[in-house]
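Residue-level listing of the chains:
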Amino acid sequence: MTRSLIKSQQHYKRAYDQLPLGVSSNFRAWEENTIFAARTKGPRIWDLDDNEYIDYRLGYGPTILGYCDERVDAAARRGMELGGTIGLSTVREAVVAERIKKMVPSAELVRFANSGTEAVMAALRLARAFSGKDEHVMIEGCFHGHFDSVLFEIAPDEDRDGGVKPSSAGVPKVLRDLAHIVPLNDANPLEDVLKKKGDSIGALMIEPILGNAGSIMAEEQYMQDVRSLCDRFDVVMLVDEVKTGFRVARGGVQELMGVRADLCTFAKALGNGYPISALAGREEIMRKIGGDGGIAQGGTYAAHSVPLAAAEKTLEILDETDALETIAAYGTRLQEGIGGILTDRGIAHVFTGHPSMAGLFFTEVLPRNYREWANTNYDLYNALALELNELGILCEPDSREPWFICAAHDDACLAETLEKFETALSTVLTRMSSETVKSVS
Ligand SMILES: Cc1ncc(COP(=O)(O)O)c(C=O)c1O
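Trainee: How should I be thinking about empty space enclosed by the protein in this particular structure?
Mentor: Think of a ball as big as a water molecule: rolled over the atoms, this probe shows where empty space is left. Within the structure shown, the criterion is met by one cavity of 30 Å³ or more. Within this model, the largest cavity holds a volume of roughly 90 Å³. Taken together, G331, L334, Q335, I338, F351, P355, A358, G359, L360, W403 and I405 make up the full set of residues lining the largest cavity. Residue assignment for the lining of the largest cavity shows that the elements contributing at least two residues are helix 10 (323–344) and strand 16 (357–361). Element by element, the count of residues in the lining of the largest cavity is highest for helix 10, at four residues. When its residues are assigned to classes, the lining of the largest cavity shows eight nonpolar, three polar and no charged.

As structure tokens, this is what we get:
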């Protein structure tokens, strides 16, 4: 049984005439397969044609407890009673900041913003102001949002020297020389660039789990090397926890990997999908926000009373219940189930990352960096993901996007997912050429 997308397709035509690509974020445009959500609940989405999906995209990560969580939504409604955007601070800001600080020890001070992009943008500006140095280093395969300074990348097949290119039109060429990109899990290229340019580089930005490159994970020794190189060259270490924060552990990836950032950024799981983000870090650095000679940070909607109240409740649940343990346990069982199906068919595969946000790669060898992702069979992955979407299992048709788990995924979801995975795999293997299949078996 394949799904009908008649209503979504009709609506896509209408939307296309009103919105570029017919959507409000480029990532949501899947051409003729673009679907429009009609309603959601827990781990499930229904589209305009009433197709039902078990969702493993979860809005690219935010929905940590499940859609329309009654506890969070009730808190958000109470937040609305305060007035929304007031142009004054409210008591809850310090209350939520205290909770963040309790959960993430490096968060000595906290500032709120509306999106991951905004938080990272302010954090990078802050790192420049504190260090007095304008350039920054990023890691291949990382994504830090849609502001100009970070919209640079190296394609995985591109020579590292000189291969840095803007990942969007309209990014000023003059910014190109400020951005340096090095691979994950090899501290030597980082040390080389810092030896050459340490006087101009003020920030190192890292997602220790590459949440935008299949959750490929930094190794413990590498993270320690990164920390000591940042200390040695007076570089602010900015750990971007927009995807990992309040998800992979109560204290995020910093707790998981035993590393302490100078600055860190949060969004996504912070508000169970309500638009709120935070930057946080060492007091000495954070005190550079505002005042004479300090950095600009703020905005009309920062700490809006609705998402802030949602964040208060979400963090309370994540901190005080076993939600994160439940999520990780589901993720582990999902991997065991999918792994078993693939092993039975003799298909080489590995899982990367944390069970709450894992990548699945068709390869024998665990990828250690973004280039190694390019060696995996992502044609098989993409075909499989599209077939799973047809059957009502929503994962991104791009193996760089992890499978996200929420606390509402339950046994029924697991059984249905595994049954449909088996069916989708059979369909795809029958359809694909024997060459492609051979390369992974
Ligand atoms: C690690 C990371 N940083 C920053 C961002 C940007 O966040 P937002 O989309 O909320 O602007 C993202 C978005 O996916 C992200 O994954």
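From this point, the narrative continues.
Trainee: What's the story with the nonpolar core in this structure? I'm lost.
Mentor: Nonpolar side chains tend toward joint burial in soluble globular proteins. Grouped together as the largest cluster of nonpolar side chains are 107 residues, with contacts concentrated most on I100, L204 and F246. With residues near it in sequence (within four places) discarded, L204 still touches V137, I139, L190, V226, C230, V235, V236, M237 and L238. Ranked by size, the runner-up nonpolar core spans 29 residues in total, among them V120, A122, M205 and I285.

Trainee: Please explain the sheet that holds strand 16 as it appears in this structure.
Mentor: The strands making up a sheet associate through backbone hydrogen bonding, with each pair oriented either parallel or antiparallel. Taking strand neighbours across the sheet as the criterion, the three strands line up as 15-16-18 in an open arrangement whose pairing is antiparallel. Each edge of the open sheet carries a strand with a single partner, namely strand 15 (350–354) and strand 18 (403–404). In this structure, strand 15 lies alongside strand 16, joined through five bridges in antiparallel fashion. Residue pairing across strands places T352 opposite G359, the latter belonging to strand 16.

Trainee: Just checking my understanding: could you explain the domain arrangement of the protein for this structure?
Mentor: Interface size is commonly expressed as the accessible area that is lost once the parts come together. By domain assignment, the protein separates into domain 1 (6–67 + 322–432) and domain 2 (70–320). Using C-alpha coordinates to define each centre, domain 1 is positioned 26 Å away from domain 2. If you look at the interface, domain 1 gives 36 residues, while domain 2 gives 37 residues. Applying the counting rule to domain 1 against domain 2 returns five salt bridges. When the shortest N-O distance is used, the salt bridge between K243 and E401 registers 3.1 Å. Secondary structure elements with two or more residues in the side of domain 1 that touches domain 2: helix 10, strand 15, strand 16 and helix 11 (370–373). Residues of the side of domain 1 that touches domain 2, tallied by class, amount to 19 nonpolar, 10 polar and seven charged.

Parameters and conventions
Residues numbered from 1 in each chain as written. Predicted model: local features only at pLDDT ≥ 70, side-chain atom pairs only at ≥ 80, totals over all residues. Heavy atoms only, no water. 1 Å grid on protein atoms, 1.4 Å probe; cavity = no way out; pocket = protein on both sides within 12 Å on 5 of 7 lines; lining within 4 Å. Points joined across faces, edges and corners; volume = space filled by probe spheres on them. Helix = DSSP H or I, 4+ residues; strand = E, 2+ residues; numbered from the N terminus. Nonpolar A, V, L, I, M, F, W, Y, C, P; charged D, E, K, R; others polar. Core = buried A, V, L, I, M, F, W, Y, C linked by side-chain atoms within 4.5 Å. Buried < 20%, exposed > 50% of the residue type's maximum accessible area, 1.4 Å probe, protein only. Contact = heavy atoms within 4.5 Å. Pairing = 2+ DSSP bridges. Domains from an automatic or database assignment. Salt bridge = Lys/Arg side-chain N within 4 Å of Asp/Glu carboxyl O.

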